[in-house]
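Here's the letter readout for the chains.
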Amino acid sequence: MDFAFDARTEELRARLLAFMDEYVHPAEAVAEEQRAALASPWDTPAVVEELKAEARRQGLWNLFLPDSEYGAGLTNLQYAPLAELTGRSPQLAPTALNCAAPDTGNMEVLTQFGDERQKKQWLEPLLAGEIRSAFAMTEPEVASSDATNITTRIERDGDEYVITGRKWYISGAMNPDCKIFIVMGKTDPDGEDIRRQQSMILVPRDTPGVTVKRAMRVFGYEDHYHGGHAEMIFDHARVPVTHLIGEEGGGFAIAQARLGPGRIHHCMRLIGMAERAIELMCRRAVSRDAFGKALGQQGVVHNWIADARVTVEQLRLLVLKTAWLMDTVGNRGAHTEIQSIKIATPRAVVDIIDRAIQLHGAGGVSQDFPLAELYAGARTLMIADGPDEVHQRSLARRELKKYL
Ligand SMILES: Cc1cc2nc3c(=O)[nH]c(=O)nc-3n(C[C@H](O)[C@H](O)[C@H](O)COP(=O)(O)OP(=O)(O)OC[C@H]3O[C@@H](n4cnc5c(N)ncnc54)[C@H](O)[C@@H]3O)c2cc1C
């Protein structure tokens, strides 16, 4: 068993580390200042565009995309440690490298399932970082963790499809640069096969009948850097039939293909978030005294730090094993491991960030440290991209099957 990264990964890691230190971390405070002065909080601060230009110049661009025609052509195992580094600054780094969700998943869908016209019109500007995109599946009225519940209608009318429905928590949609939505709805709501009722369709932002209604909050945060999480109305929005992705009834299968890589990317970044929390915890522990000694000399703080380190090492090994399996036996073959890391990582990282918050006292929940926002981001990943219980249900059923 060889635990070393290969030469290309090491080389990219070194370059990305330098980019993070030289450009990304110093830009965190600048971006905050610039955002406060923007006409709309949903606009992109200038420093983010500068970071994108620099990352592109340095070849640190589209690293997430395994397709070498369109992206960097890295394997999951090569990309994993790079995504981890971007997790140390989740507001800026993924966007700077054009590796931020939900664009990454949408670019993967267009690469794999889009036709030449769709690629030209939407994939190319997304790959160039000129526009952003969103993925609209979840609906406020139904339990959307079960995709068969989706009620949005995609009805054919001559050469057009008519889309009607209400969605919410559509990440990225508040950003005016988000020009295209991939919408999941039903083309055949009465179809016998409940997994063939859904389709995916491209809906441009400026389509009449499309309304971005309001920004949903996450623990009170508006998540400006991620373009917010919008409630959206599609009221008889009409698009040409050529906007359908793949075939009618193919939406469920495309959603499954989209979510595998998306889930491992989240877990990689979560490990980077945990590393940032551990670093902050240690710096605080050695720089503040209470009751006559440094916080870091308290036994309980030793336990927190040691437990956090052990947990991160365990998670990283499992995530890397999953990445390796995805590369060698495919996403289907790595199903159990993908579900395992999606269950294990957010909850463990929430716990680590929680301890780091505790060690910072009031500062931990304040805006002067990134911990509260990291906590909110990690906690939502126990719900987004499939709640824990849904993954546990399917994983347990596969385990039980072995004994039936
Ligand atoms: C920050 C954030 C960003 C998001 N971004 C997007 C986005 O960009 N696009 C998009 O379409 N959606 C997005 N979502 C929505 C997310 O994918 C859904 O919230 C998720 O799929 C769950 O659906 P739901 O909210 O309807 O919960 P429900 O389906 O109503 O489930 C509620 C709860 O029921 C429990 N539950 C469900 N099924 C089972 C089961 N089988 N066994 C036991 N318990 C169960 C779980 O605890 C679950 O959390 C985002 C959500 C958040 C919080």
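In case you missed it, the structure is sitting above this.
This section reports on the structure supplied with the text. (Residues numbered from 1 in each chain as written. Predicted model: local features only at pLDDT ≥ 70, side-chain atom pairs only at ≥ 80, totals over all residues. Heavy atoms only, no water.)

All right, on to the nonpolar core then. Counting residues in hydrophobic clusters, the biggest one holds 89 residues, and the most contacted among them are Phe 19, Leu 63, Tyr 79 and Leu 97. With 15 residues, helix H7 (residues 251-287) is the single largest residue contributor to this core. By size, the runner-up hydrophobic cluster in this structure holds 21 residues, among which are Ile 170, Phe 181, Val 210 and Val 239. (Core = buried A, V, L, I, M, F, W, Y, C linked by side-chain atoms within 4.5 Å. Buried < 20%, exposed > 50% of the residue type's maximum accessible area, 1.4 Å probe, protein only. Helix = DSSP H or I, 4+ residues; strand = E, 2+ residues; numbered from the N terminus.)

For the structure shown, the criterion picks out four aromatic pairs. Between Phe 19 and Tyr 23, the ring centres sit 5.4 Å apart and the planes meet at 35°, which makes this aromatic pair tilted. A residue pair is termed a helical-turn pair when its members lie 3 or 4 positions apart in one helix, as Phe 19 and Tyr 23 do in helix H1 (residues 7-36) at four residues. A ring pair is formed by Phe 181 and Phe 234, whose centres lie 6.5 Å apart and whose planes are at 85°; its orientation type is edge-to-face. Of the two residues, Phe 181 is situated in strand E4 (residues 178-186) and Phe 234 in strand E7 (residues 229-240); the sequence distance between them amounts to 53 residues. A relative accessible area of 0% means that Phe 181 is categorised as buried. Above the face of the Tyr 225 ring, Arg 35 is positioned so that its terminal group lies 4.4 Å from the ring centre. Its guanidinium or amino end placed over the ring of Tyr 161, Arg 156 lies 5.8 Å from that ring's centre, counting from NZ or CZ. (Phe/Tyr/Trp six-rings, centres within 6.5 Å; stacked < 30°, edge-to-face > 60°. Lys NZ or Arg CZ within 6 Å of the ring centre and 35° of its normal.)

Remember, this is a structural readout, not a statement about activity or role.
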